Amino acid sequence: MFAVEVRDHIMIAHSLPRELFGPAQRLHGATFIVDAAFLRSSLSEDGVVVDIGRATVALKKILDQLNYQNLDDIKVLEGKITTTEFLCRFIFDELSKRLKQGELGPGSEQVEKVRVTLQENHLARAWFEGDV
């Protein structure tokens, strides 16, 4: 399996309104390092998985919707518990849409899997990986 991975980061605020989250039920901030990996079993006719530059731009566009925002105030996330795991899936879904639209360059519609990893700190991270 071939892979290309790009990275960016976001700074957000949110609350996790469930007893499970203890003090994180209150509004708090988080900074996430975000990695997006694109996987396919064979290279495109241009010899790539996806265009790295376009993948970087696509990830940035998605993250710009979240960066420096209070996720509790974003309409599309209304009523969602914006855990790290949830955010991985949200970003995955957005990247999948862009792949299907060919936004990541010729052949990008042939990407088979995407993995989105959010690193909360040097000790903890979460990811979602799925078929496109």
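See above for the structure.
Small disclaimer: the values here were computed from a predicted structure and weren't measured.

Draft legend 1. Fine view of the environment of glutamine 65. Along the chain, glutamine 65 turns up in the loop between helix H1 (52-64) and strand S3 (69-70). Each C-alpha atom, one on glutamine 65 and one on glutamate 94, is 11 Å from the other, the two residues being 29 residues apart in sequence.

Draft legend 2. Spotlight on the side chain of threonine 84. Looking at where threonine 84 falls in the secondary structure, it is placed in helix H2 (residues 84-100). Residue threonine 84 is classed as buried on the basis of its relative accessible area of 7%.

Draft legend 3. How the structure looks around the pairing of strand S2 (residues 28-40). Here strand S1 (residues 2-14) runs beside S2; their pairing, made up of 13 bridges, is antiparallel. Looking at the pairing, phenylalanine 2 lines up with arginine 40 of S2. Pairing of S2 with strand S4 (residues 113-119) involves seven bridges; the strand directions are antiparallel. Residue pairing for S4: aspartate 35 is matched across the bridge by threonine 117.

Draft legend 4. A look at the packing of H1 against H2. The geometry of H1 relative to H2 is characterised by a closest axis approach of 10 Å and an angle of 135° between their N-to-C directions. Considering their axes alone, H1 and H2 lie oblique with respect to each other. Pair H1 / H2 crosses with right-handed handedness. Across the interface between the two elements, Ala58, Leu59, Ile62 and Leu63 of H1 pack against Ile91, Glu94, Leu95 and Arg98 of H2. Classifying every residue of the contact of H1 with H2 by side-chain character gives six nonpolar, no polar and two charged.

Conventions we followed
- Residues numbered from 1 in each chain as written.
- Predicted model: local features only at pLDDT ≥ 70, side-chain atom pairs only at ≥ 80, totals over all residues.
- Heavy atoms only, no water.
- Helix = DSSP H or I, 4+ residues; strand = E, 2+ residues; numbered from the N terminus.
- Buried < 20%, exposed > 50% of the residue type's maximum accessible area, 1.4 Å probe, protein only.
- Pairing = 2+ DSSP bridges.
- Axes fitted to C-alpha atoms, helices over the stretch in contact; angles between N-to-C directions.
- Parallel < 35°, antiparallel > 145°, perpendicular 65-115°, else oblique.
- Left-handed = near helix turned anticlockwise from the far one by under 90°.
- Contact = heavy atoms within 4.5 Å.
- Nonpolar A, V, L, I, M, F, W, Y, C, P; charged D, E, K, R; others polar.

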